[in-house]
Amino acid sequence: MTRRVAVIGAGSSGLTCIKTCLDEGLEPVCFESSDDIGGLWRFKENPEPDRASIYHSVIINTSKEMMCFSDFPIPAEYPNYMHNSLIIQYFRMYAEHFQLTKHIRLKWDVETQNSEGKKQKHIFDAVMICIGHHCHPNMPLQDFPGIDSFKGVYFHSRDYKTPEQWRNKKAVVIGIGNSGGDIAVELSRFTKQVYLSTRRGAWILNRVGDNGWPRDLTFNRVFKFVRSILPTNTVCSLGERQLNQRFNHKLYNLQPKHRLFNQHPTVNDELPNRILSGTVQVKPNICRFQGSSVEFDDGSIVEDIDLVVFATGYSFSFPFLASHVLPVSGNKASLYKYVFPPELEKQTLAVIGLVQPLGAIMPIAEMQARWATRVFKGCAKCPPVAAMMKDVQCKQEAMASRYVSSPRHTIQVDFINYMDEIADQLGVRPSIPRLLLTDPRLAHSVMFGPTTPYQYRLRGPGKWAGARQAIMTQWDRVIRPMKTNACDLPEPGRSVAVPLALLAAALGVASWYYRNSLPAVLQEPSALLDRMKGLVPAWGA
């Protein structure tokens, strides 16, 4: 009998959960309280209660090759950093291609009651919760004395949609996360003045990296290795020096006391320019409100403020679950590898997408879903409760020691490290030594190229025949949307350095692999060459 799985939410995490259930022969039923798919990325002029909501101009901070699902590349003609409308289009294409929509029931809440009040009872073998962590706006009004006397308008960033109505007004934006930075920049094009208030400052990354490439494509396995062997302070110093070459954070009143990797960085390409042009002024934390005036901690006062936007983050909870099943306190939930409640008798409940990655969330949610469905089927096992609790505790302690104390820093993960960690549970982590022997060109792309999601479809459960081709053509899809004007430039000549380096690496791996029979090989080297001929393809393959 086919096992039934309830999927709660039809955003990006919910969609990939439906798909992975189908891949594993499970029967998914997805319940979505809204009238359409897309979750966070579906723009709505009027936000719905207890649901994430974005502003009209939102562009994603991760490039398309890093954010796509691992067996469904984003079309080559799409821009590298996509507007929210294109992200929704991609989700619709994904749902249509894999025939997911017929498994979704819209306008149902978590109690399986539709908009007409009709209730149904369902029995499921497992549940996947995919509601994200942008559910409940965090409005710490108690930290802002006098806010009740403020004569202007104030609201959370989830209620901000467009800037035009604030033309020639004066605005304060509280918070310098991604939303706070974006909203401050956008408002500054219309308002008389924007004041960006921050308690700690922030390190500002930009989407455009060296030589104009998307920045997140530079974070590869070599970068991960170098970062793992160097002292943290050294890595932070190198990164901070590079960021300060773009603009001096201290000069711009943005440099925080914490180091680069002690806080989730802010991604914003335009903020330095708006500060330089004076349309955005960086201010410290707010001391108090009084009428239409705002006083900051440095004693400065600004008058006639019309708007205050609280870009102060979100909190998450699971009100549809019994409190003992998945307790949440201080924006923390005890989950084994951020997926499974460790103290349940059986691992039949999985939380998907409840992470804040330094990277894209979509491939991570997909990887979690692939693992969870294998656990549901009994093809993968979780360790004993004590081992899971120890893992939870270690992660919480590591996070507390690395990040500044903040509700935001409770579910942080590094993209490559976490993807590899979950891939190990599945047996789909790419094997570099094996690739060096069997496919050196692919090994080079996996090692030195961007760690795109396709790498996790090369082997193991869910292996995709198109994974190698997707990896070898990923740079073509990066370049394609920028080729809108023909330029007659000479093509660079092909270097022999890379093939020679790969050959040396392959020989080194082969020597280690056959180390026990090395004396015999040295006496008869043709035996090793015969073996390698069968393993290493021609360079032009």
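Residues numbered from 1 in each chain as written. Predicted model: local features only at pLDDT ≥ 70, side-chain atom pairs only at ≥ 80, totals over all residues. Heavy atoms only, no water.

Identification of the chain as Flavin-containing monooxygenase from Muraenolepis orangiensis is taken from an unreviewed UniProt entry. Listed in UniProt under the heading Sequence similarities (unreviewed entry), the comment for the chain reads: "Belongs to the FMO family." Looking at the chain in UniProt, the text filed under Cofactor (unreviewed entry) is "FAD". (UniProt positions renumbered as here; feature names shortened; annotations may be inferred.)

Bringing the sheet that holds strand β4 (residues 126-129) into the picture now. The strand order across the open sheet built from five strands is β3-β2-β1-β4-β19, with neighbouring strands paired in parallel fashion. Looking at the sheet topology across the chains shown, the edges are occupied by β3 (104-106) and β19 (349-351). Strand-to-strand twist of the sheet, defined as the mean angle between neighbouring strand axes without regard to direction, takes the value 20°. In terms of strand pairing, β4 meets β19 through three bridges, oriented parallel. Bridge assignment links Val127 to a residue of β19, and that residue is Leu349. Contacting β1 (4-8), β4 and β19, helix α8 (residues 362-377) runs over the sheet at an angle of about 170° to β4. (Pairing = 2+ DSSP bridges. Helix = DSSP H or I, 4+ residues; strand = E, 2+ residues; numbered from the N terminus. Axes fitted to C-alpha atoms, helices over the stretch in contact; angles between N-to-C directions. Contact = heavy atoms within 4.5 Å.)

In spatial order, the strands read β6-β15-β7-β8-β11; together these five strands make up an open sheet with parallel pairing. At either margin of the open sheet sits one strand with a lone partner, and together these are β6 (153-156) and β11 (280-283). Strand-to-strand twist across the sheet, computed as the mean angle between neighbouring axes with direction ignored, equals 20°. The sheet contact formed by β6 and strand β15 (residues 307-310) spans four bridges and is parallel. Bridged to Phe155 within β15 is Val309.

This part covers the nonpolar core. With 103 residues, the main nonpolar core has Met128, Leu187, Phe340 and Trp371 as its most contacted residues. No other element matches α8, which puts nine residues into this core. The next biggest cluster of nonpolar side chains, apart from the first, holds 14 residues, and it includes Ile147, Val294, Phe296 and Phe310. (Core = buried A, V, L, I, M, F, W, Y, C linked by side-chain atoms within 4.5 Å. Buried < 20%, exposed > 50% of the residue type's maximum accessible area, 1.4 Å probe, protein only.)

With the rule as written, the count across this model stands at 22 aromatic pairs. Taken together, a centroid distance of 6.0 Å and an interplanar angle of 85° make the contact between Phe31 and Phe124 edge-to-face. Separated by 93 residues along the polypeptide, Phe31 in strand β2 (residues 27-32) and Phe124 in the loop between β3 and β4 bring together distant segments of the chain. Taking the relative accessible area as the measure of exposure, Phe31 reaches 4% and is therefore buried. Here Phe340 and Trp371 contribute two aromatic rings whose centre-to-centre distance is 5.0 Å and whose plane-to-plane angle is 85°, an arrangement assigned as edge-to-face. In this pair, Phe340 sits in the loop between β18 (332-333) and β19 while Trp371 sits in helix α8, placing the two residues 31 residues apart along the sequence. For Trp371, a relative accessible area of 0% translates into the label buried. If you follow Arg207 out to its NZ or CZ, it ends over the ring of Tyr81, 5.9 Å from the centre. Geometry around Phe261 places Arg227 over its ring, the cationic atom sitting 4.0 Å from the centre. (Phe/Tyr/Trp six-rings, centres within 6.5 Å; stacked < 30°, edge-to-face > 60°. Lys NZ or Arg CZ within 6 Å of the ring centre and 35° of its normal.)

Here we come to the packing of helix α1 (residues 12-23) against α8. Where α1 contacts α8, the two axes come as close as 9 Å, and the packing angle between them is 35°. For the pair α1 and α8, the crossing hand works out as right-handed. Facing Ser12, Ser13, Thr16, Cys17, Thr20 and Cys21 of α1, the residues of α8 in contact are Met362, Ala365, Glu366, Ala369, Arg370 and Thr373. (Left-handed = near helix turned anticlockwise from the far one by under 90°.)

Quick look at the pattern of salt bridges now. Scanning the model with the defined rule gives 27 salt bridges in all. Measuring nitrogen to oxygen at the nearest pair gives 2.9 Å for the salt bridge that ties Lys19 to Asp23. Of the two residues, Lys19 and Asp23 both sit in helix α1, four residues apart, roughly one turn of that helix. Look at Lys19 and you get buried, because its relative accessible area is 3%. One salt bridge in this structure joins Arg429 and Asp424, with 3.1 Å as the shortest N-O distance. (Salt bridge = Lys/Arg side-chain N within 4 Å of Asp/Glu carboxyl O.)

Take unusual backbone geometry next. Here the phi dihedral of Asn168 falls at roughly 65°; this positive angle occurs in a residue that is not glycine. Along the chain, Asn168 turns up in the loop between β6 and β7 (170-174). With a phi angle near 65°, Tyr338 is a residue other than glycine that sits in the positive phi range. You can see Tyr338 is positioned in the loop between β18 and β19.

Our focus in this paragraph is the environment of Lys346. Looking at where Lys346 falls in the secondary structure, it is placed in the loop between β18 and β19. Between the C-alpha atoms of Lys346 and Phe376, which are 30 residues apart in sequence, the distance is 9.2 Å.

Residues in a regular strand point their side chains to alternate faces of the sheet. Summarising burial for β7: five of the five residues are buried, a large majority. A two-sided burial pattern is seen for β7, the buried positions comprising Lys170, Val172 and Ile174 on one face and Ala171 and Val173 on the other. A crossover links β7 with its parallel partner strand β8 (residues 193-197), the connecting element being helix α4 (residues 178-188), and its sense is right-handed. (Right-handed = clockwise from strand over helix to strand, strands pointing away.)

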